[in-house]
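Okay, here's what each chain looks like letter by letter:
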Amino acid sequence: MRRTAGLLLTLPLLLAVACSSSPKAAGPATPSTATAAPTVPAPVSEASPMPTLSGGGFGSKATVTIPEGQQPSGQFVVNTVVEGDRSTVNKGDWVTVNYSAKDWTTGKDLPSSYDPSGKPQLYQAGSGQLVPALDQSVIGKKVGTRLLVVAPPAAAFAEKGSGQLGVGPGDTVVFVLDIMESLPPDSTLSGNMTEPAATLPQVKDNGKAPVTITVPPGQAAPTDLQQAVLIKGEGKQVKSGQTLVVQYTGVLWSNGQQFDSSWTHGGAQAVQIGTGSVIEGWDKGLVGQTVGSRVALVVPPALGYKDQAQGAVPANSTLVFVIDILEAV
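Note that this is a predicted model, so its numbers are computed, not measured.

1. Some words on the overall build of the protein
- Scanning the protein from terminus to terminus reveals 2 helices and 16 strands.
- For the protein, the proportion of its 329 residues judged to be buried stands at 50%.
- Within the protein, contacts between residues at least 6 apart in sequence are counted, and of these 73% link residues at least 24 apart.
- Summed over its atoms, the accessible surface of the protein is roughly 14,000 Å², and 51% of this surface lies on carbon and sulfur atoms.

Here's what the structure looks like:
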């Protein structure tokens, strides 16, 4: 939940517009332009000439070699180098991709998620939030797949280029994409839940729908942050600054009324944690948890919206959330 509204901040949007006032993150971003986007050619599986790859395999940085003295074909190429065997990426899925990249036009290596300062790219496939080379190439491919993508300007950074990545106007860019994970927007956790203390809200699982949260009747709202791990995940520990994919529901302690849920926003949402992008109760309550966990938080006003009313949330409200941590990048 954002500090100033009842919706989560979807982190891929931070990469969408180069002139955005949002903080920047490293990664292939859609260039900012006031003109209509160029028409993206239909991808083909191979064209001549083609770059070659060396170095490590899937899950490690690739070395891209451009054919000496050869100009790109101008086609949008999506070539499967390694075929994965896990779930298929569908439009709207939250996909995690590692990438290596090279500018065919200049021959320069570009920043990679495998660099020491890099990190995987997390975005919704087919949403138009990133360049088509990433946005479209992964749809229909399986998790565990490595793709070699040759992106002409219309599928990369068009005639604007990307100063952030060092791509010039009209350059052709080569990406090597490793599809690490994919989560449908209706993803949720399952399993036996640990019953919270009687003084805390009780939670009923409803499958692919918001959980039912029942506030204990007659119980005074706590004045400090309360946490309960209902399902303990076995994934990596959440660190400050990471982007999480979460499914969540929030109700008011005062009357048990639901005021927000990811299910009303199309399903799982992405949020940056530990950086002040969300209310303090989330930053304090989710950092240190593990991926695959379902966490209940009771957030006092001082760690929520304080004395500010926010939509259906009155001023000085104690908030109750149940949050499924589906991924952390």
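2. As for the nonpolar core
- V95, L134, V138, V149, F157, F175 and L177 are the most contacted members of the largest nonpolar core, which has 28 residues in total.
- Those elements that provide at least two residues to this core are strand 4 (94–103), helix 1 (132–135), strand 7 (146–151) and strand 8 (173–183).
- By size, the runner-up hydrophobic cluster in this structure holds 25 residues, among which are Y248, L252, V278 and V299.

3. Thoughts on the environment of G266
- Here G266 shows up in the loop between strand 13 (258–261) and strand 14 (269–272).
- For the pair G266 and D186, spaced 80 residues apart in sequence, the C-alpha separation works out to 8.1 Å.

4. Details of the confidence of the model for the protein
- Here the protein averages 89 in pLDDT, and 89% of its residues register 70 or above.
- Confidence drops under a pLDDT of 50 for residues 3–35, and excluding neighbours within four residues, the segment shows 94 contacts in the predicted structure.

5. A word on the pattern of salt bridges
- This model, assessed by the stated rule, comprises 9 salt bridges.
- The partner of D205 in a salt bridge is R294, with the nearest N and O atoms 2.8 Å apart. With a gap of 89 residues between them, D205 in the loop between strand 9 (202–204) and strand 10 (212–214) and R294 in strand 15 (residues 294–299) connect regions that are remote in the sequence.
- For D205, a relative accessible area of 35% corresponds to the partly exposed category.
- On the accessibility criterion, R294 (1% relative accessible area) is buried.
- Three or more residues joined by partner-sharing salt bridges are found here, namely D205, R294 and D324.

6. Some points on unusual backbone geometry
- Following S48, the chain continues to P49 via a peptide bond in cis, the omega torsion being 0°.
- The phi angle at A158 is positive, at roughly 55°, despite the residue not being glycine.
- Mapped onto the secondary structure, A158 falls in the loop between strand 7 and strand 8.
- A positive phi angle, close to 60°, is found at N316, a residue other than glycine.
- Relative to the elements of secondary structure, N316 occurs in the loop between strand 15 and strand 16 (319–328).
- Classification of N316 as exposed rests on a relative accessible area of 51%.

7. Side note on the pairing of strand 16
- By the criterion of burial, strand 16 is predominantly enclosed, with 10 of the 10 residues buried.
- Here strand 12 (residues 243–252) runs beside strand 16; their pairing, made up of 9 bridges, is antiparallel. Paired with V251 across the bridge in strand 16 is V320.
- Relative to strand 16, strand 15 is paired through 6 bridges, and the arrangement is antiparallel. Following the sheet pairing, V298 is matched in strand 16 by V320.

8. What to know about the packing of aromatic side chains
- Per the counting criterion, the structure on display carries 3 aromatic pairs.
- Ring centres 5.6 Å apart and planes at 80° place the aromatic pair Y248 and W282 in the edge-to-face group. In this pair, Y248 is assigned in strand 12 and W282 in helix 2 (residues 280–286), connecting sequence segments 34 residues apart. For the pair Y248 and W282, one class covers both residues: buried.
- With centroids separated by 5.4 Å and ring planes inclined at 90°, the aromatic side chains of W282 and F321 adopt a geometry described as edge-to-face. Placement of the pair is W282 in helix 2 and F321 in strand 16, with a sequence separation of 39 residues. Here W282 matches F321 in class, with each residue buried.
- Through successive ring pairs, a cluster of aromatic residues spans Y248, F259, W282 and F321.

Cut-off values and rules
Residue numbers here run from 1 along each chain, matching the order of that chain's written sequence. With pLDDT at 70 or above as the cut-off, local features in this predicted model cover only qualifying residues; side-chain atom pairs require 80 or more to be listed or tallied, and sums for whole chains, interfaces and linings still use all residues. The basis for the side-chain values is all heavy atoms of the structure; hydrogens and waters are excluded. Labels follow the DSSP assignment, with helices taken as runs of H or I lasting at least four residues and strands as runs of E lasting at least two, numbered in each case from the N terminus. Think of it in three bands: residues with accessible area under 20% of the maximum for their type are buried, residues over 50% are exposed, and the middle band is partly exposed, with areas taken using a 1.4 Å probe on protein chains only. Should any heavy atoms of two residues lie within 4.5 Å, those residues are considered in contact. To measure how exposed things are, a 1.4 Å probe is used in the Shrake-Rupley method; for residues, cover is taken only from the protein chains shown. Buried residues of nine kinds, namely Ala, Val, Leu, Ile, Met, Phe, Trp, Tyr and Cys, make up a nonpolar core once their side-chain atoms join them within 4.5 Å. Confidence of the predictor at the level of single residues is captured by pLDDT, which takes values from 0 to 100. Note on definitions: salt bridges are taken to be side-chain nitrogens of Lys or Arg within 4 Å of carboxyl oxygens of Asp or Glu. One requirement defines pairing of two strands: DSSP has to find at least two bridges between them. Pairing of aromatic side chains here covers Phe, Tyr and the six-membered ring of Trp, requires ring centres within 6.5 Å, and sorts the geometry by plane angle: under 30 degrees stacked, over 60 edge-to-face, intermediate tilted.

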